[in-house]
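Residue-level structural notes
One letter stands for each residue in the lines below.
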Amino acid sequence: MSESQAIPVAELTQRQARAEHKLLAAEIAAADSAYFQDDQPILDDASYDAKRRRLVALEKAFPVLKDAASVSDKVGAKPSGKFAKIRHRVPMLSLGNAFTDEDVADFVQRVRSFLGMKEEAGIAFTAEPKIDGLSLSLRYEKGALVSAATRGDGEEGEDVTSNARTISEIPHVLSGDDVPEIAEVRGEVYLGHVDFAGINERQREKGLPEFANPRNAAAGSLRQLDVSITAARPLRFFAYAWGEMPVMPAVTQFGVVEAFKRWGFRTNPLMKRCESVEDLLERYRLIESQRATLGYDIDGVVYKVDELALQTRLGFVARAPRWAIAHKFPAELATTVLEAIEIQVGRTGALSPVAKLRPVTVGGVVVSNATLHNEDYIRGFDSKGERIRDGEPPDIRVGDTVTVKRAGDVIPRVQSVDLSKRPANSQPYAFPTLCPACGSHATREMNPRSGKEDAVRRCTGGLICPAQAVERLKHFVSRDALDIDGLGDKQIEFFHADPDLPVKEPADIFTLARRDAENFKKLRDKEGFGSQSVAKLFAAIEDRRQPPLNRFIFGLGIRHIGETNARLLARHYGSFEALRAAGIAAADPASPERQELDAIDGVGPTVVEALVQFFAEAHNEQLLDRLLEQVVPQPLEAVASVSPVAGKTVVFTGALEQMTRDEAKAMAERLGAKVAGSVSSKTDLLVAGPGAGSKLKDAAKHGVQVIDEAGWFSLVGG
Ligand code: IVH
């Protein structure tokens, strides 16, 4: 129920209030858990705030409803369990919200009357952007970073120290001569818009789900058990608050933030000291006017009483300080008509529904396209299968009057439907089960672990789907696949679009030279090519007519079949024909071929399913036939069996001097060894260079043989 439709609190009976309170509390708890633990919000900020406001209003009018466990006192949700916990010595609190100018005037008035200030007495505040990221508490002892914790439920957060250390804007050691013995600096971890787009692009390329917004991407990037993932994400940090700080470096909010800057933190340049409500509102409007060009998401302006002595006197109420408030920006919403639903096919084959809207201005920008996320969203369900829109039926149909939301730079989304305006003859939207780009089946994978369907429907056309072809071709020739010199992304794009010498599928690469010879218009005469470079390119292609089987399998870009799985399959089946026969026969779940496939060590059910689906597509069969007329994949065994490390599991650690880590890995694999990232009882050999650390200890623990780089070369005779 939205606030405007709700009965005024004063007119409710206690029974009604109790019922509504119970519902709201459950909705808020679910939204908190989705937002804080899963980084997957199920409510937009405006609806969430409205629900919280209504809950607080109910509790104010009916104090019996407020018990010790009331969600109105809670901040966020309990930490999610995968990280160690850190108890905050000073709780990490939240902020109350102001939505109107009047709310701001009320806030200032509340502060003044709480402090018993006279009419004429002045009071200073700071005003600064409210960064839309996630808060982090950094503990420094003697100037050195010792721990980093997320907010969690405000009392206890997650230990993300190693992750935080990878963020370049978080100093490992503080500079300056006024750094206290103990200093807990708090602030916001966030992602810039450009970096966010880059991360999603890479997610797309890898066929992984994209993040809904920079905040979720920042949270997902920070809370990674694999620190190298955090390190690869350009997270940023603004310092604006503190926890334990026995000796303060200044007597005002502004002064402390200036000290943070001296100590090596980034602080927000838009922060300003203000002397009155008018000043605050002026700052608010200025920051709001710059919102679109800041390059990062903000969702309001935070006002804080400047003088720390006054902050102390004001203290806290339940979940928020009395001395600060967040003045939120209004959500950018508009109502329009959904004229059509168009399906776009992404590079990994994902079918994405796009709403074609009657153009409407949302927050100063004309919007005519908006995302509808996926099939379930149109049907009215979120990723967990929970209903997300009220009303029966909860789906979205062409012809519907819809609300569109545009938040910051994020792609606009269709948020809700006005069912009262639904045309009588409207029909539920039938999501296509065939790819609109190539006509192949589009299916939803079953996650074998959860037993649930993936929300994304994907085209199974693979290489024959034009929407996917270019990216797949790039993959086919890439370094870890066929590795064709001189045939990079640019050249693939060129040939894919070239009318004289088109490359539409892998087989076409191997007929380039022949076709060019037959053509009147020669490649060597085209811009960017010359006789020499054409000759080199054709030679590089010839050189790859007998690719190693594992690289060939990997190059096909079958879903879920990365380098490791490709190698396992290559080793197990020995030839592509054997793998293909097994893949086709395994379509029958009772077949011995399926059992054999299921039993391969390291090959999981998702991979088996993907393989079976790949070989079940007639298009893929034809494409493979054409490709195998051109190339002859070479089994792995031929090179592997004679080597002293064949079949062994090897780990490399420390600095290698004569080869890069990639080279070492490739060499070991060429010799038939399996290269692992960590030492376990299954490891046969640890090759340790200078600077090797914990892996040496692990090797000792498991009785694993350790040699150095020279030892490696003498062992493999190279
Ligand atoms: S001050 C005790 N300042 O907003 C007050 N918070 O809704 C501590 N936030 O948990 C918070 N920008 O994650 C403060 N400039 C800013 C902020 C900010 C973003 C976040 C922070 C906090 C949440 C409260």
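What counts, and at which threshold
- Residues numbered from 1 in each chain as written.
- Predicted model: local features only at pLDDT ≥ 70, side-chain atom pairs only at ≥ 80, totals over all residues.
- Heavy atoms only, no water.
- UniProt positions renumbered as here; feature names shortened; annotations may be inferred.
- Helix = DSSP H or I, 4+ residues; strand = E, 2+ residues; numbered from the N terminus.
- Contact = heavy atoms within 4.5 Å.
- Lys, Arg positive; Asp, Glu negative; His and termini not counted.
- Charge placed at Lys NZ, Arg CZ, Asp CG, Glu CD.
- Near = heavy atom within 4 Å.
- Polar contact = N/O pair within 3.5 Å; in protein donor to acceptor, adjacent residues only side chain to side chain.
- Areas by Shrake-Rupley, 256 points an atom, 1.4 Å probe, with all protein chains shown as cover.
- Nonpolar A, V, L, I, M, F, W, Y, C, P; charged D, E, K, R; others polar.
- Buried < 20%, exposed > 50% of the residue type's maximum accessible area, 1.4 Å probe, protein only.
- Core = buried A, V, L, I, M, F, W, Y, C linked by side-chain atoms within 4.5 Å.
- Salt bridge = Lys/Arg side-chain N within 4 Å of Asp/Glu carboxyl O.
- Pairing = 2+ DSSP bridges.
- Axes fitted to C-alpha atoms, helices over the stretch in contact; angles between N-to-C directions.
- Phe/Tyr/Trp six-rings, centres within 6.5 Å; stacked < 30°, edge-to-face > 60°.
- Parallel < 35°, antiparallel > 145°, perpendicular 65-115°, else oblique.
- Left-handed = near helix turned anticlockwise from the far one by under 90°.

As recorded by an unreviewed UniProt entry, the protein chain carries the name DNA ligase and is attributed to Bosea psychrotolerans. In its Sequence similarities (unreviewed entry) section, UniProt records this for the protein chain: "Belongs to the NAD-dependent DNA ligase family. LigA subfamily." Recorded in UniProt for the protein chain, the comment headed Function (unreviewed entry) runs: "DNA ligase that catalyzes the formation of phosphodiester linkages between 5'-phosphoryl and 3'-hydroxyl groups in double-stranded DNA using NAD as a coenzyme and as the energy source for the reaction. It is essential for DNA replication and repair of damaged DNA."

Scanning the protein chain for helices and strands turns up 26 helices and 24 strands. Summarising the internal contacts of the protein chain: among those between residues at least 6 apart in sequence, 67% fall at separations of at least 24. Across the protein chain, the mean location of the 92 positive side-chain charges is 2 Å away from that of the 102 negative side-chain charges.

Turning our eyes to something else, we now look at the site of the ligand. Around the ligand sit 14 residues in total, of which Ile131, Arg151, Glu188, Tyr240 and Lys304 are the nearest. Within the contact set of the ligand, a nitrogen atom lies 3.2 Å away from a backbone nitrogen or oxygen of Pro129. Within the side chain of Lys130, an N or O atom sits 3.2 Å from an oxygen atom of the ligand. Relative to its unbound accessible surface of 530 Å², the ligand loses 89% to contact with the protein. For the shell around the ligand, the secondary-structure elements that each account for two or more residues are strand E3 (125-131) and strand E10 (298-305). Among the elements that line the shell around the ligand, the one with the most residues is E3, at four residues. Its residues placed into classes, the shell around the ligand shows seven nonpolar, two polar and five charged.

Moving on, we come to the UniProt feature "binding site: NAD(+)" (unreviewed entry) in the protein chain. The positions that UniProt labels "binding site: NAD(+)" (unreviewed entry) are, in the present scheme, Asp45, Ala46, Ser47, Tyr48, Asp49, Ser94, Leu95, Glu128, Arg151, Glu188, Lys304 and Lys328. Turning to its location among the elements, Ser47 is positioned in helix H2 (residues 45-61). On the basis of relative accessible area, Ser47 is assigned to the partly exposed category, the value being 25%. Note that Arg151 resides in the loop between strand E5 (144-150) and strand E6 (156-158). Judged by its relative accessible area of 16%, Arg151 is buried.

Most often, soluble globular proteins have nonpolar side chains that are buried together. Counting residues in hydrophobic clusters, the biggest one holds 51 residues, and the most contacted among them are Ile484, Phe495, Ile509, Phe510, Ile553, Leu569 and Phe576. With six residues, helix H21 (residues 605-616) is the largest single contributor of residues to this core. Leaving out residues up to four positions away in the same chain, Ile553 has contacts with Ile561, Ala566, Leu569, Ala570, Phe576 and Leu579. Counting residues in each nonpolar core, the second largest holds 35 residues, with Tyr140, Ala183, Ala217 and Trp242 among its members.

With respect to the helices and strands, the residue Glu169 is situated in the loop between helix H4 (161-165) and strand E7 (182-190). For Glu169, a relative accessible area of 13% translates into the label buried. Looking at Glu169, its side chain comes within polar contact range of the side chain of Arg236, at 2.6 Å. A distance of 3.0 Å separates a polar side-chain atom of Glu169 from the backbone nitrogen of Phe237. Those residues in contact with Glu169 that lie beyond four places of it in its chain are Arg236, Phe237, Phe265 and Arg266.

Right, let's get into the side chain of Asp508. Structurally, Asp508 can be placed in helix H14 (residues 506-510). Among buried charged residues, Asp508 stands out as having no salt bridge; its nearest opposite-charge side chain is Arg515, 4.8 Å away. Apart from the residues lying within four places of it in its own chain, the contact partners of Asp508 are Pro502, Val503 and Arg515.

Sheet architecture is open: four strands sit in the order E5-E4-E7-E8, paired in antiparallel fashion. Every other strand in the sheet has two partners, leaving E5 and strand E8 (236-242) as the edge strands with one partner each. In this sheet, adjacent strand axes meet at a mean angle of 35° when their direction is disregarded. Where strand E4 (residues 134-141) and E7 come together, eight bridges link them in antiparallel fashion.

UniProt feature "binding site: Zn(2+)" (unreviewed entry): in the numbering of this structure it lies at Cys435, Cys438 and Cys465. Taking the farthest pair of C-alpha atoms as the criterion, the annotated set spanning 31 residues converges on one region, since that pair is 8.4 Å apart. Along the polypeptide, Cys438 turns up in the loop between strand E18 (413-417) and strand E19 (442-446). For Cys438, the residues in contact, after removing those within four places along its chain, are Cys459, Gly461, Ile464, Cys465 and Pro466. Leaving out residues up to four positions away in the same chain, Cys465 has contacts with Val345, Cys435, Ala437, Cys438 and Cys459.

The tally for this structure, following the rule as stated, stands at 19 aromatic pairs. A connected cluster of aromatic rings, assembled from ring pairs, spans Tyr140, Phe237, Trp242, Phe260, Trp263 and Phe265.

Below, the discussion takes up unusual backbone geometry. What is expected of a backbone is that most residues other than glycine have negative phi and most peptide bonds are trans. Its identity as a non-glycine residue notwithstanding, His373 has a phi of 60°, on the positive side. Relative to the elements of secondary structure, His373 occurs in the loop between strand E16 (365-371) and helix H11 (375-379).

Let us now look at the pairing of E5. Counted residue by residue, E5 has five buried out of seven residues, so it is predominantly covered. As paired elements, E4 and E5 share six bridges and run antiparallel to each other. Directly across from Glu141, in E5, lies its bridge partner Ala144. In textbook terms, the turn of a hairpin is the stretch between consecutive antiparallel strands, and for E4 and E5 this stretch comprises two residues, one of which, Lys142, has a positive phi near 50°.

What follows is about the packing of helix H20 (residues 592-599) against H21. Across the interface, H20 lies against H21 with an axial gap of 9 Å and an inter-helix angle of 140°. The angle between H20 and H21 falls in the class oblique. Judged by the twist between their axes, the crossing of H20 over H21 is right-handed. Within the contact between the two elements, H20 uses Arg594, Leu597 and Asp598 and H21 uses Val608, Glu609, Leu611 and Val612. A per-class count over the contact of H20 with H21 returns four nonpolar, no polar and three charged.

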